[in-house]
Amino acid sequence: MDYVNRVLQELKEKNPGQPEFHQAATEVLESLKAVIEANPAYEKAGLLERLVEPERAVMFRVPWVDDNGNVHVNKGYRVQFNSAIGPYKGGLRFHPSVNLSIIKFLGFEQIFKNSLTSLPIGGGKGGSDFNPKGKSDREIMRFCQSFMTELYRHLGSDTDVPAGDIGVGGREVGYLFGQYKRIRNEHTGVLTGRGLAYGGSLVRTEATGYGVVYISQEALNSKLQGSFLGKRVVISGSGNVAIYACQKAQQLGAKVVAMSDSNGYIYDPDGIKLEIVKEIKEVRRARIKEYIEKVPTATYKEGHKDIWSIKCDIALPCATQNELDLDAAKTLVANGVILVAEGANMPTTLEATQYFLSNKIIFLPGKAANAGGVATSALEMAQSSSRIFWSFERVDSELQNIMVNIFRNIDSASQKYGYEGNYVVGANIAGFLKVADAMMAQGIV
Ligand code: NDP
Ligand code: 2IT
C-alpha cells in the first residue's frame, strides 16, 4: 500500500466516528499523491502522520446559567492543529451539531487555507455545541464568559488567535474579548473580528464574502474572459459569508436570485433586496421566511437543499458542510452552471466535487475561495501589533490582491502537477508545500 493510503487507513482506525475529519483528510491527502511520491524524504520524516495529528486538542466543560436560573453544561473545544508557519489561527463555531469530528475537519482545512493566504498563520479551530438561537443577549454573554474562562489559558496573540465562524460574530467576539482581557489584564490582538472601537480591522466583516467573489471574478476573467456582470447567482445561507458575497456580486452587476437559512430558501426573480435580508438576519436574528412578507413577488420554500434546483450561472454555497450533494451537482450542471465557489467550509460532498470536476465546471474549493476572511484576520493581527489601523480602501485592496494571487497559485500548481483546471488538487498542493517545507526545516516535532 502506498504511503498516502497507509496514512489514511491508520487515520480512520485511530479516529473512529469522525466522518467529517475522514472526508477532509481523504480529499487533501489523495490529491497530494504526486508531490508525496516525488519526495520520499516526506515519508522518512513521517510528515503525513504528523500532519494529520493535531499538535494539541483541548476539550472542556462550559457551565452557564440561563435567565431563569437553570444550569446548562456545553462542550467546549479548541484543536490546535499545526503551528509550522505561524500561531494557530481559525474561528470558533457555536452550533448544536459541533463535535470533535467537525472541529478537526475545520482545523485540518484551516492549515492549508491559511498557508494559501501567504501570511504567517498556522491552523486551528474551536467551538461548542451551544445553540445561540433564541438565547437572550445576557445568556450569550454569560456563555461566552464561561467559555473564555477556560479557553484563555490556551490563547495568546503569538500562540493561538481565534475568530468567528457559524454562530460567532461581532457580538460574541466582543464578549469573549472582554473576558480574556479581564482575566489576563492584557489588551492584545488575541481574537480577530473585533469591533472597530477596540482593535478590529475595517473590511473584516465583509472579507470572506467579498473574497469569494474576488477570486471567482479572477477565475471567470482569466479562464473565460468573463465577469459577474449580468450573471444569475444563487447563494446558500444568509449569514456573514452569504450576505457579503451577495453584496459584492451585486456591486459587480450580478443578479442574486436566491438565498437560504437552515429552514428554507427564498427565490426572488427580480433580484434579492439585500437590505431586507440584513434587517431580518443581522438586526433581528429572525428567519429568512419573513422576506416574502416584505417582497410579495418572492417565494419561500421549506427545506434548504432544494435551493440548488434554481437555474443559475454561478453557485456560491455559503452555509455549512455537505449542503451540496451529487443530486444537486447534477441539477446545477444540467441547468448550465459555469462556476461554483465554496464560501462555506466543505459544503460540497466528495461525489459532487468529482462531478463538477469531470464536467469541467470552474470549481473553487473553500480553502482557496473563503480564505479572504482569515487573510483579513491576519491583516487585523498586523494592524494590532503595529497599533496603526488602515483605511477601508487599503484593507480591501490587500484582500483583492491576496485573492487574485491565491487563484494564480492554485492555477499554476494545478498545471505544474498535470491537473490543469483542477483547483482542488491545485489548492491542496500549493497550500501543503509551504507547510511541508516549514515542518521539514523544524525537525521531528
Ligand atoms: P453564520 O452563522 O453567520 O451564518 C450561517 C448561515 O448558514 C446561516 O444562514 C445559517 O442558517 C446557515 N446554516 C448554518 N448551519 C446550517 C445547517 N446545518 N444547515 C443549513 N443551513 C445552515 O456563519 P458564517 O456565514 O460565518 O459561516 C458560513 C460558512 O462559511 C461556514 O461553513 C463557515 O465555516 C464558513 N466560513 C466562515 C468564515 C467567516 O469569516 N465567518 C470564513 C471562512 C469560512 P440559520 O440562520 O438558520 O442558522
Ligand atoms: O473558516 C474560517 O476561515 C473562519 N471561520 C475565519 C477564521 C479567522 O481566523 O478569521
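A brief look at the structure comes next. Every value quoted in this text rests on a predicted model; they were computed, and no experiment measured them.

1. Let's talk about the nonpolar core
Then, in step 1: In terms of nonpolar packing, the biggest core is built from 62 residues, with Ile235, Met259, Val277, Leu316, Leu364 and Ile410 touching the most fellow members.
Then, in step 2: The leading source of residues in this core is helix α9 (residues 204–224), at eight residues.
Then, in step 3: With near-sequence residues (within four places) excluded, Leu364 lies in contact with Ile215, Ser216, Ala219, Leu339, Val340, Ala341, Glu342, Ala369, Phe407, Ile410 and Tyr423.
Then, in step 4: One finds Tyr3, Leu32, Val52 and Val435 within the second-largest nonpolar core, a separate group that totals 39 residues.

2. Brief notes about the site of ligand 2
Then, in step 1: Near ligand 2 lie 14 residues; those nearest to it are Lys89, Lys113, Lys125, Asp165 and Ser377.
Then, in step 2: One of the side-chain N or O atoms of Asn345 is found 3.0 Å from an oxygen atom in ligand 2.
Then, in step 3: Protein chains shield 94% of the accessible area of ligand 2, which is 290 Å² for the free molecule.
Then, in step 4: For the shell around ligand 2, the secondary structure elements donating two or more residues are β3 (88–94), α6 (100–116) and α16 (371–386).
Then, in step 5: Counted by class, the shell around ligand 2 contains two nonpolar, seven polar and five charged residues.

3. Quick notes on the side chain of Glu172
Then, in step 1: Take Glu172: it is sitting in helix α8 (residues 170–184).
Then, in step 2: Ignoring anything within four residues of it in the chain, the contact list for Glu172 reads Phe94, Ile140, Cys144, Gly167 and Arg285.

4. With respect to the packing of aromatic side chains
Then, in step 1: Scanning the entire structure with this criterion turns up 17 aromatic pairs.
Then, in step 2: Centre to centre, the rings of Tyr42 and Phe432 are 5.5 Å apart; their planes meet at 85 degrees, and the pair counts as edge-to-face. Here Tyr42, found in helix α4 (residues 40–44), pairs with Phe432, found in helix α18 (residues 423–441); they are 390 residues apart in sequence, far enough to count as distant. Summarising the burial analysis for this pair, Tyr42 and Phe432 share the class buried.
Then, in step 3: Residues Phe94 and Phe130 carry aromatic rings whose centres are separated by 6.1 Å and whose planes lie at 90 degrees to one another, so their mutual orientation is edge-to-face. Taken together, the positions of Phe94 in strand β3 and Phe130 in the loop between β4 (122–128) and α7 (137–151) put the pair 36 residues apart, joining distant regions of the chain. The same class applies to Phe94 and to Phe130, which are both buried.
Then, in step 4: Put simply, the rings of Phe60, Trp64, Phe94, Phe130, Phe143 and Phe147 pair up and form one aromatic cluster.
Then, in step 5: Across the ring face of Phe130, the terminal group of Lys135 is positioned such that the distance to the ring centre comes to 5.4 Å.

5. Notes on the sheet that holds strand β7 (residues 255–260)
Pairing between sheet strands relies on hydrogen bonds along the backbone, with the strands arranged either parallel or antiparallel.
Then, in step 1: An order of β9-β8-β7-β6-β10-β11-β12 is seen for the seven strands of this open sheet, with the pairing classed as mixed. Among the strands making up the open sheet, the edge pair consists of β9 (299–302) and β12 (362–364). Going from strand to strand, the sheet's axes swing by 15 degrees on average, the running direction of each strand aside.
Then, in step 2: Judged from the four bridges that link them, strand β8 (residues 264–267) and β9 form a sheet pairing that is antiparallel. In the strand pairing of β9, Gly264 is matched with Glu302.

6. Digging into the site of ligand 1
Then, in step 1: Neighbouring residues of ligand 1: 27 residues in total, closest Asp165, Thr208, Ser262, Arg287 and Asn345.
Then, in step 2: At 3.5 Å, a backbone N or O of Gly343 approaches an oxygen atom of ligand 1.
Then, in step 3: Taken by itself ligand 1 offers 890 Å² of open surface, and the protein chains cover 86% of this.
Then, in step 4: For the shell around ligand 1, the secondary structure elements donating two or more residues are α9 and α10 (240–251).

7. Quick word on the pattern of salt bridges
Then, in step 1: Counted under the stated rule, the structure contains 23 salt bridges.
Then, in step 2: Residue Asp160 is joined to Arg78 by a salt bridge in which the shortest nitrogen-to-oxygen separation is 2.6 Å. In this pair, Asp160 is assigned in strand β5 (residues 160–163) and Arg78 in strand β2 (residues 71–82), connecting sequence segments 82 residues apart.
Then, in step 3: Residue classification places Arg78 among the buried positions, given a relative accessible area of 0%.
Then, in step 4: Here Glu150 makes a salt bridge to Arg153, at a shortest N to O gap of 3.2 Å.
Then, in step 5: Counted as one network, the salt bridges with shared partners bring together Arg6, Glu10, Glu43 and Glu49.

8. Considerations on a nonpolar patch on the surface
Then, in step 1: A grouping of Val65, Val71 and Val73 is seen on the molecular surface, where their side chains present a nonpolar patch of about 270 Å² in accessible area.
Then, in step 2: Note that Val71 resides in strand β2.

9. A closer look at α7
Then, in step 1: Between its terminal C-alpha atoms α7 stretches 21 Å, which fits the 21 Å expected from 15 residues at 1.5 Å a residue.
Then, in step 2: All buried positions along α7 are accounted for by Glu139, Ile140, Phe143, Cys144, Ser146, Phe147, Met148 and Leu151.
Then, in step 3: In this fold, the buried residues of α7 make contact with β1 (56–65), β2, β3, β4, β5 and α8.

10. Digging into empty space enclosed by the protein
Then, in step 1: The full count for this structure, using the stated rule, is one cavity of 30 Å³ or more.
Then, in step 2: For the largest cavity, the lining is made up of 13 residues, of which Glu27, Glu109, Glu342, Met346 and Thr348 are closest to its centre.
Then, in step 3: Counting only elements with at least two residues in the lining of the largest cavity, the list comes to α2 (19–31), α14 (350–358) and α15 (366–369).
Then, in step 4: With three residues, the top contributor of residues to the lining of the largest cavity is α2.

11. Notes on unusual backbone geometry
Then, in step 1: You will see that Ser118, though not glycine, has its phi angle at about 75 degrees, which is positive.
Then, in step 2: The exposure class assigned to Ser118 is exposed, which follows from its relative accessible area of 51%.
Then, in step 3: Its identity is not glycine, yet Val203 carries a phi of approximately 75 degrees, on the positive side.
Then, in step 4: Tracing the backbone shows Val203 in the loop between α8 and α9.

Rules used in this analysis
Residues numbered from 1 in each chain as written. Chains lettered and ligands numbered in written order. Predicted model: local features only at pLDDT ≥ 70, side-chain atom pairs only at ≥ 80, totals over all residues. Heavy atoms only, no water. Core = buried A, V, L, I, M, F, W, Y, C linked by side-chain atoms within 4.5 Å. Buried < 20%, exposed > 50% of the residue type's maximum accessible area, 1.4 Å probe, protein only. Helix = DSSP H or I, 4+ residues; strand = E, 2+ residues; numbered from the N terminus. Contact = heavy atoms within 4.5 Å. Near = heavy atom within 4 Å. Polar contact = N/O pair within 3.5 Å; in protein donor to acceptor, adjacent residues only side chain to side chain. Areas by Shrake-Rupley, 256 points an atom, 1.4 Å probe, with all protein chains shown as cover. Nonpolar A, V, L, I, M, F, W, Y, C, P; charged D, E, K, R; others polar. Phe/Tyr/Trp six-rings, centres within 6.5 Å; stacked < 30°, edge-to-face > 60°. Lys NZ or Arg CZ within 6 Å of the ring centre and 35° of its normal. Pairing = 2+ DSSP bridges. Axes fitted to C-alpha atoms, helices over the stretch in contact; angles between N-to-C directions. Salt bridge = Lys/Arg side-chain N within 4 Å of Asp/Glu carboxyl O. Patch = residues over 30% accessible without salt bridge, like charges linked within 9 Å, V, L, I, M, F, W, Y side chains within 5 Å. Expected span 1.5 Å × (residues − 1). 1 Å grid on protein atoms, 1.4 Å probe; cavity = no way out; pocket = protein on both sides within 12 Å on 5 of 7 lines; lining within 4 Å. Points joined across faces, edges and corners; volume = space filled by probe spheres on them.

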